[in-house]
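Chain and residue survey
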Amino acid sequence: MENTGIDVPKGLDKVIVDTTAISSTDAEGELIYRGYHAIELAEKLAYEETAYLVVYGKLPSKDELKEFSGFLSERASLDKKSDSILREISSGRPKIIDSMRSTVSFMHIEEKENDKVLLEIAAKMPRISSDAFRYSRGTDTLPEPDGSLAERFYYLITGKADKKDARYFEKLLVMYMEHEFNASTFALRVAASTLTDPRSAIVAALATIKGPLHGGANSEVLEYMLKAQNRDDARKFMEYKLSRKEKVMGFGHRVYKKVDPRAQFIKKELLELSKAKGRKELYDIAIEMEKEMWERKKIPANLDFYAAIYMYLLGIDEAFYLPIFASSRCFGWTAHYIEQVSNNKLIRPSSRYTGASGLNIRKGKE
Ligand code: COA
């Protein structure tokens, strides 16, 4: 029996599976959110303004932004019951991303409309991350802060109300927000295409982003970067990994084969930040690793490479790296859920069977 479907490259590499009006990437290194360069958005807009743009497809008016920001801050905390379950599951010290995924499954959500449900989940992500971390270490949770969305998020993960550092953090949040059909977004779209509820689709996305080839890369980057004392160590490390044909986390990308524009933007910000923090040597080590990888393998650094050391200099515990990425990407997922269900077709590919055939039960048992 022959499957007459179309064969596509493994991993759907370079396969265009659907259209989207949310964002676009290209191999030359361009990233667009809803028609605007993502880097320009990070430079000029606040996190919540960009989130509004990504979700609703247009820049918000003053009133729309006020209402949107108000909604996100009103829905930022957990109700008592959800909070006590989060405390319970966090006591076993799971990774924060696992606590996030479990909490999204059971938490009380007030809203009923799809977009509002999704935004309510996005609004609670910083609180869930912060409390999961603190419950797992037996320390007190932090009070709900004031300020912009990025300032509040920054406070909840560092305990610091520092506007300057929160602004650096905000730029990274914008870079993490959206990236067309990456693995977690695609998983969410597959789930959404069954017309499952938005909460379940976010759980699918959270389960997918956790993998080390996707969102789990950034904490591994920090580990090896901090081991290098100087440029020489950096070079030796890369030599060692590549001679053993091992993958180095923080390098390579399915779409960006020459340059990841997000990485280059954060690299530029990192230069400023590392000087401001008196830790320029960390920037130099990163540059050396990037150079070595490019010269040897022509593989560019990706966002996670520069994001790891950037977050480290912002005083963010490594446990938060993936939760930060997932929290910001939640706005992208929101937009994709809405887009998928508004013009839906069940995503259900076929496979080519390569297993055994013609086996006979009686013979097999002999
Ligand atoms: N370190 C060393 N070699 C790498 C590499 C890395 N980080 N990323 C890719 N390569 C090499 C592969 O070994 C492979 O070499 P080969 O052809 O000699 O076997 C080649 O480049 C193609 O890699 P492949 O994994 O097939 O490409 P892909 O498009 O499927 O993979 C990633 C993209 C992101 C999965 C891959 O680059 C990777 O695993 N990177 C590390 C994880 C990471 O940083 N993830 C965050 C992404 S934002």
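What counts, and where the lines are drawn
Residues numbered from 1 in each chain as written. Predicted model: local features only at pLDDT ≥ 70, side-chain atom pairs only at ≥ 80, totals over all residues. Heavy atoms only, no water. Helix = DSSP H or I, 4+ residues; strand = E, 2+ residues; numbered from the N terminus. Rg over C-alpha atoms; globule rule 2.2 N^0.38 Å. Buried < 20%, exposed > 50% of the residue type's maximum accessible area, 1.4 Å probe, protein only. Contact = heavy atoms within 4.5 Å. Near = heavy atom within 4 Å. Polar contact = N/O pair within 3.5 Å; in protein donor to acceptor, adjacent residues only side chain to side chain. Areas by Shrake-Rupley, 256 points an atom, 1.4 Å probe, with all protein chains shown as cover. Nonpolar A, V, L, I, M, F, W, Y, C, P; charged D, E, K, R; others polar. Expected span 1.5 Å × (residues − 1). Pairing = 2+ DSSP bridges. Core = buried A, V, L, I, M, F, W, Y, C linked by side-chain atoms within 4.5 Å. Domains from an automatic or database assignment. Buried area = accessible area lost by both parts, 1.4 Å probe. Salt bridge = Lys/Arg side-chain N within 4 Å of Asp/Glu carboxyl O.

Notes on the overall build of the chain
- Check the secondary structure of the chain and you find 17 helices and three strands.
- Computed over the C-alpha atoms, the radius of gyration of the chain is 22 Å, within 12% of the 21 Å expected from 2.2 N^0.38 for a compact globule of 366 residues.
- Along the first, second and third principal axes, the C-alpha set of the chain runs to 70 × 55 × 45 Å.
- When the 366 residues of the chain are sorted by exposure, 50% land in the buried category.
- Contacts in the chain between residues far apart in sequence, at least 24 positions, make up 74% of those at least 6 positions apart.

Brief notes about the site of the ligand
- What surrounds the ligand is a group of 19 residues, the closest being Lys247, Val248, Gly250, Phe251 and Asn302.
- In this structure, Leu213 approaches the ligand through a main-chain N or O atom, which is 3.1 Å from a nitrogen atom.
- In the model, a nitrogen atom of the ligand is placed 2.8 Å from a nitrogen or oxygen of the Phe251 main chain.
- Here the ligand has 860 Å² of accessible area as a free molecule, and 65% of this is covered by the chains.
- Considering only residue class, the shell around the ligand consists of eight nonpolar, five polar and six charged.

Examining helix H16 (residues 321-342)
- Counted at 1.5 Å a residue, the expected span for H16 with its 22 residues is 32 Å, and the 32 Å between its end C-alpha atoms agrees.
- Here H16 lies mainly inside the structure; 19 of its 22 residues are buried.

With respect to the sheet that holds strand E1 (residues 23-26)
- The sheet built from three strands is open, its strands ordered E1-E2-E3 with antiparallel pairing. On the outer flanks of this sheet lie E1 and strand E3 (36-37), each paired with one strand and no other.
- Relative to E3, strand E2 (residues 30-33) runs antiparallel, the two sharing two bridges. Each residue of the ladder has a partner; that of Ile32, found in E3, is His37.

A few points about the nonpolar core
- By size, the foremost hydrophobic cluster in this structure holds 107 residues, and its most contacted members are Ile202, Tyr224, Met289, Phe305, Ile316 and Phe331.
- Per-element tally for this core: the top contributor is helix H6 (residues 114-136), with 11 residues.
- There are two domains that each give this core at least three residues, and those are domain 1 (20-211 + 319-342) and domain 2 (219-313).

Considering the domain arrangement of the chain
- Once the domains are mapped, the chain shows domain 1 (20-211 + 319-342) and domain 2 (219-313).
- Here the C-alpha centre of domain 2 lies 26 Å away from the C-alpha centre of domain 1.
- Contacts between the two partners involve 22 residues from domain 1, matched on the other side by 24 residues from domain 2.
- At the boundary of domain 1 with domain 2, total buried surface from both sides reaches about 2000 Å², with 64% on carbon and sulfur atoms.
- For the domain 1 face of the interface with domain 2, the top three residues by lost area are Tyr168, Leu172 and Tyr321, together amounting to 35%.
- The interface formed by domain 1 and domain 2 includes four salt bridges.
- When the shortest N-O distance is used, the salt bridge between Glu269 and Lys171 registers 3.0 Å.
- The tally of links from domain 1 across to domain 2 stands at 10 residue pairs in polar contact (both at pLDDT 80 or more).
- Counting residues per element, the ones that place at least two in the side of domain 1 that touches domain 2 are E1, E2, helix H1 (38-44), helix H8 (163-176) and H16.
- For the side of domain 1 that touches domain 2, the class distribution of residues is 11 nonpolar, three polar and eight charged.

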